[in-house]
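# Structural overview for review
Below are the chains, spelled out letter by letter.
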Amino acid sequence: MLFNSESFLWFLLAFLLLYYAVRMSLSGRNLLILGASYLFYGWWDWRFLFLLMASSLVDFYVGLSIRKVADVSRQKRLVLLSLVANLGALGIFKYYDFFVGSFQNLLESMGWSAPFPMLHVILPVGISFYTFQSLSYTLDVYRGKVEPTSNLVAFLAYVSFFPQLVAGPIERASNLLPQFLAERKVTKLGMETGLWLIIWGMFKKVVLADNFGLLSDMVYGDQQVEGAIVVLATIAFGFQIYCDFSGYSDIARGIASMLGFSLMLNFNLPYFATSPSDFWRRWHISLSTWFRDYLYIPLGGNQAGSTAMMRNLMITMLVAGLWHGAGWHFVLWGLWHGAMLCLFTRVRLPGRLQPVGGWFLTMLIVFYGWLLFRAESLEHIVWLTSNLWLLRFPVWMGSYVLSLLTFMLPLLAMQVWQYRKGTMYPMLPLRPLFKASLMVACIFLTAVFWNAEGTPFIYFQF
Amino acid sequence: MKSHSYEFDMRWLLGLLGPVLLLIVASACCLRLAPLFLPQARDAWDMDRAIMATQTDLAATQSNADIVLIGDSSCLMNLDAALISSLSGKKVVNLGTVSFLNMEVFGTLLKRYMESQEHPPSKVILMTHPDFLRRASASRMHVEWIEHYMKGLDYWSGSTSWKSVGRYMGVHLIQGRLLSWLPRPLKAEFGSLFGFTKDLERYMKQHHGSALDPRSLQSEDLKGSREYRISTANMRHAESFKSILPVDTDLLVALSPLPEGFVDASLQSELPELRSQWSASLKADTIIQMLPLTMPDADFASKTHLTPKANQTYSKRLALFLKGL
């Protein structure tokens, strides 16, 4: 069930009605959330519910067992069990065919035949998100940062919480799990920000992301298009992926907020970043902090000298690239960002140049990264890169620029407003009529571009 | 344990949602008045609608052409009216649209053209594909859209519940009247060649109403039924089509070609008969027999459309025919 589909709107209305209208105990309401979450997830393919349940149950019992055993080596074995179960499922469903296929191609290029079996399984939607969320629980219990819970329903609901189940934010147990275990308070501010986040998130997805997607697909989906239009298509893709993903996060946070939950901020004006590290502090914050806490720091972080730090950065970004998808262009994207993060630890722009120059360089790096990310293959990357410099323009360039600017304008206006006011909700202090006007404008434009079945979110494939 | 506490009451909630709902209703009411002060509806947001809107506009423009081409998408994509004009020395306009319409709409479009000219054309050439002749009914959405457009009315094809809500909100009025200037990207090969709806419309205007099909013939295009006959609906509409033409205007009939790889011996022998039968039911003055009924597969972009290159040779053949008249 997609957030931007009619079936989800009916589902949400029915759920909110039940949630608010029926008096229930905390366990009853957690059970309602769990049931709704499993219905939401099973709507795609009910068979993958078993995988979600299995992953959750393993981590629930591992969490409890870690606390029961005093022996550190036994605790480590339990953590290993959780790692194998979660990463094993991820490896089978997401990476097996990719690595076996790549290995087979390598052998064939050397003249050896190797008919390895391929699985050709469908990737369960959101698997990378919920396995990371579930895994962080056992890791935090092992580290003593989180108390294991014996409330199975609350834990299952924490892993499968439908607003953020399939595309994040990847919540830590330390933030979200206690919210399932205690009385929740639905505040005025929560309701108001929740409503705004849902409306603005839908607008970003339906009006902006889907239209940027049409523009980028025109060029990236056609290997005949030549010239500098590739630059514009890359800008379109950069805005598409931002609006698509942050739109999803906004809707997720909005729904959660209206239910009395608080989810972490996942995007903080990433295209205002003035260095690659600043970008990663603002982009997909729940994932970048996950990799920081569970991979980069355990590898040694920046504590063992600059060479070790660069190695750790490269490893972390390589894995982050691979997390996004089983493809060499994702690996290359991760390495590109890793290399740029390393470079920026050495390069410092003169003080006066830093704000604008740093922003400009960061955007060049980020948007070239999007080219690597969006390309279909390594050959496609070479072809696209060679076209960046060609001053050839298709006859429809004018329409392309007009479309691009039309959809960029509302986003940039909102972001500049947010940036200048220093808050993600600059509209909240406005008078009720102005606030309502802004919401209604977004609702009408969303309705204009609304597609009943919904267009899938990009990050669902990860 | 208690699961929730609420910091607000129903009155506060109404205060939050009330202005939004009231503004939606107020905006919907204002939009209902849109026809009074906004430009004419033109929600040509996809390729079919862009073609239908362009041809409807072209039909209402005074061009005083000597020859008018009309028909389905094979007329639109297989004939280059600008090239035919320059080679034949006669002013030619192409009002070919899409195959999802019917003869009744072609007739209405032609009538619209006749009413907009100082003097009627000497000839009208009706070109359709054999697939069009056997089609039992047109696409309701396409027919309704062009009928609304010709009358300057707003159209909304929403069939789902939320789309119906959109209709009451007046969303179609925003799309058709406020955002009609927005170019929409065309899909796949059409996007590569023409780019956007506005660019396709510009191309068609420059080529007197003609367009091109940039695709390549696929093996699936050569599959399907080989039984051809004229549908009852087409027979019925054919009888009244000729009456739209002034007495001095001749009706010429042509059938678009099929790929040779699709046509078997039996169909090969049936096609001339099909053309004659169609011409008879239209009470046409002339059958254009010098245009081939089949062509090599390499000349086709799809089962119904020629490639841009074959379009040129095919148009030249028609231009030669018209020059000799």
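Worth saying up front: this structure is predicted, and the values here are computed from it rather than measured.

## Describing the overall build of chain A
- When helices and strands are tallied, chain A shows 17 helices and one strand.
- Taking 2.2 N^0.38 as the reference for a compact globule, 462 residues should give roughly 23 Å; the C-alpha atoms of chain A span a radius of gyration of 23 Å, in line with that estimate.
- Counting every atom, chain A has about 19,400 Å² of accessible surface; 68% of that belongs to carbon and sulfur.
- Taking the average location of the 31 positive side-chain charges in chain A and that of its 22 negative ones, the two points are 13 Å from each other.

## Some words on the overall build of chain B
- The helix and strand tally for chain B stands at 15 helices and eight strands.
- Judged by the C-alpha coordinates and their principal axes, chain B covers about 85 × 50 × 35 Å.
- For chain B, the proportion of its 325 residues judged to be buried stands at 56%.
- A separation threshold of at least 6 residues defines the contact pool for chain B, and within that pool the share at least 24 residues apart is 79%.
- For chain B, the accessible surface area stands at approximately 14,200 Å², while carbon and sulfur atoms represent 56% of it.

## Quick notes on the environment of Lys 303 of chain B
Residues and elements named next belong to chain B.
- On the secondary structure map, Lys 303 appears in the loop between strand E8 (294-295) and helix H15 (308-323).
- The class for Lys 303 is buried, based on a relative accessible area of 11%.
- Once the C-alpha coordinates of Lys 303 and Asp 221 are considered, the two residues, 82 residues apart in sequence, prove to be 5.4 Å apart.
- Discounting chain neighbours no more than four positions away, the residues touching Lys 303 are His 129, Asp 131, Arg 134, Leu 217, Asp 221, Tyr 228, Pro 257, Leu 258, Pro 259 and Phe 262.

## Observations concerning the packing of aromatic side chains
- Applying the stated rule across the entire model yields 74 aromatic pairs over all chains.
- The ring of Tyr 19 of chain A is capped by Arg 29 of chain A, whose NZ or CZ atom sits 5.2 Å from the centre of that ring.

## So, the nonpolar core
- Phe 3, Tyr 271, Trp 283, Trp 370, Tyr 400 and Tyr 459 of chain A are the most contacted members of the largest nonpolar core, which has 178 residues in total.
- Each of domain 1 (6-184) and domain 2 (189-461) of chain A contributes no fewer than three residues to this core.
- Excluding its chain neighbours within four sequence positions, the residues that come into contact with Phe 3 of chain A are Phe 8, Leu 9, Phe 40, Phe 162, Pro 163, Met 202, Tyr 248, Ile 251, Ala 252, Ile 255 and Phe 457 of chain A.
- In terms of nonpolar packing, the next biggest core, distinct from the first, is built from 61 residues, Met 47, Val 68, Leu 101 and Phe 194 of chain B among them.

## Comments concerning the interface of chain A and chain B
- Counting residues at the interface gives 49 residues for chain A and 44 residues for chain B.
- Each partner contributes to the roughly 4,000 Å² buried at the junction of chain A and chain B, and carbon and sulfur atoms together form 71% of this total.
- On the chain A side of the contact with chain B, Lys 188, Phe 444 and Val 448 of chain A bury the most area, a combined 17% of that side's loss.
- On the surface where chain A and chain B come into contact, there are zero salt bridges.
- At the junction of chain A and chain B, the tally comes to nine residue pairs in polar contact (both at pLDDT 80 or more).
- Elements supplying a minimum of two residues to the side of chain A that touches chain B: helix H1 (6-21), helix H2 (26-42), strand E1 (184-186), helix H8 (188-220), helix H16 (397-421) and helix H17 (432-449) of chain A.
- If you tally residues by element for the side of chain A that touches chain B, the top one is H17 of chain A, at eleven residues.
- Tallied by class, residues from the side of chain A that touches chain B come to 34 nonpolar, seven polar and eight charged.
- Where E1 of chain A meets strand E1 (residues 4-6) of chain B, three bridges bridge the pair, whose relative direction is parallel.

## Observations concerning the sheet that holds strand E5 (residues 250-255) of chain B
- Pairing is parallel across the open sheet formed by five strands, whose spatial order is E3-E2-E4-E5-E7 (chain B). Of all strands in the sheet, those with a lone pairing partner are strand E3 (92-94) and strand E7 (286-287) of chain B, marking the two edges.

## Things to note about the environment of Lys 323 of chain B
Residues and elements named next belong to chain B.
- By the element assignment, Lys 323 lies in helix H15.
- Taking relative accessible area as the criterion, Lys 323 reaches 55% and is therefore assigned exposed.
- Lys 323 sits 75 residues away from Asp 248 along the chain, and the two C-alpha atoms are 19 Å apart.
- Lys 323 has contacts with Leu 87, Ser 88 and Lys 90, leaving out every residue within four places of it along the chain.

## What to know about the domain arrangement of chain A
All names here are of chain A.
- Its domain assignment divides chain A into domain 1 (6-184) and domain 2 (189-461).
- The C-alpha-based centres of domain 1 and domain 2 are spaced at 25 Å.
- Opposite the 43 residues of domain 1 that make contact, domain 2 presents 37 residues.
- Summed over both sides, the interface between domain 1 and domain 2 buries roughly 3,500 Å², with carbon and sulfur atoms accounting for 68% of that surface.
- A salt bridge links Asp 293 to Arg 172, with the nearest nitrogen and oxygen atoms 3.0 Å apart.
- In this structure, the connection of domain 1 to domain 2 is made through 17 residue pairs in polar contact (both at pLDDT 80 or more).
- A class-by-class count of the residues in the side of domain 1 that touches domain 2 yields 28 nonpolar, eight polar and seven charged.

## Points about the side chain of His 284 of chain A
- Secondary-structure assignment places His 284 of chain A in the loop between helix H10 (276-282) and helix H11 (285-299).
- Not counting residues within four places of it along the chain, the set of residues in contact with His 284 of chain A comprises Phe 129, Phe 245, Asn 266, Phe 267, Trp 323, His 324 and Tyr 459 of chain A.

## As for the state of the cysteines
- Taken as a whole and judged by the stated rule, the model has zero disulfides over all chains.
- In this model Cys 243 of chain A remains outside any disulfide bridge; the closest cysteine sulfur is found in Cys 442 of chain A, 12 Å from its own.

## Side note on the pattern of salt bridges
Residue and element names in this part refer to chain A.
- A full pass over the atoms with the stated rule returns 23 salt bridges over all chains.
- Its salt-bridge partner being Lys 205, residue Asp 210 comes within 3.0 Å of it at the nearest N-O pair. Of the two residues, Asp 210 and Lys 205, both sit in the buried class.
- Between Arg 282 and Asp 278 there is a salt bridge; the shortest N-O distance is 3.1 Å.

## Comments concerning helix H9 (residues 161-169) of chain B
- For H9 of chain B, the set of buried residues is Lys 163, Gly 166 and Met 169 of chain B. Buried residues of H9 of chain B, seen end-on, are gathered within an arc of 110° and therefore sit on one face of the element.

## What about the packing of helix H9 (residues 229-258) of chain A against H16 of chain A?
Residues and elements named next belong to chain A.
- Two numbers describe how H9 lies on H16: the axes approach to 11 Å, and their chain directions differ by 35°. Read as a crossing pair, H9 and H16 show a hand that is left-handed. Packed against H9, whose contacting residues are Ile 229, Leu 232, Ala 233, Ile 235, Ala 236, Phe 239, Tyr 242 and Cys 243, the element H16 presents Met 397, Tyr 400, Val 401, Leu 404, Met 408, Leu 411, Leu 412 and Gln 415 at the interface.
- For the contact of H9 with H16, the class distribution of residues is 15 nonpolar, one polar and no charged.

## Let's talk about unusual backbone geometry
Residues and elements named next belong to chain B.
- At Asn 64, a residue that is not glycine, the phi angle is positive and equals roughly 45°.
- With a phi close to 45°, Ala 188 is a non-glycine residue in the positive phi region.
- Take Ala 188: it is sitting in helix H11 (residues 188-194).

The rules behind the values
- Residues numbered from 1 in each chain as written.
- Chains lettered and ligands numbered in written order.
- Predicted model: local features only at pLDDT ≥ 70, side-chain atom pairs only at ≥ 80, totals over all residues.
- Heavy atoms only, no water.
- Helix = DSSP H or I, 4+ residues; strand = E, 2+ residues; numbered from the N terminus.
- Rg over C-alpha atoms; globule rule 2.2 N^0.38 Å.
- Areas by Shrake-Rupley, 256 points an atom, 1.4 Å probe, with all protein chains shown as cover.
- Lys, Arg positive; Asp, Glu negative; His and termini not counted.
- Charge placed at Lys NZ, Arg CZ, Asp CG, Glu CD.
- Buried < 20%, exposed > 50% of the residue type's maximum accessible area, 1.4 Å probe, protein only.
- Contact = heavy atoms within 4.5 Å.
- Phe/Tyr/Trp six-rings, centres within 6.5 Å; stacked < 30°, edge-to-face > 60°.
- Lys NZ or Arg CZ within 6 Å of the ring centre and 35° of its normal.
- Core = buried A, V, L, I, M, F, W, Y, C linked by side-chain atoms within 4.5 Å.
- Domains from an automatic or database assignment.
- Buried area = accessible area lost by both parts, 1.4 Å probe.
- Salt bridge = Lys/Arg side-chain N within 4 Å of Asp/Glu carboxyl O.
- Polar contact = N/O pair within 3.5 Å; in protein donor to acceptor, adjacent residues only side chain to side chain.
- Nonpolar A, V, L, I, M, F, W, Y, C, P; charged D, E, K, R; others polar.
- Pairing = 2+ DSSP bridges.
- Disulfide = S-S within 2.5 Å.
- Arc of directions from axis to C-beta.
- Axes fitted to C-alpha atoms, helices over the stretch in contact; angles between N-to-C directions.
- Left-handed = near helix turned anticlockwise from the far one by under 90°.

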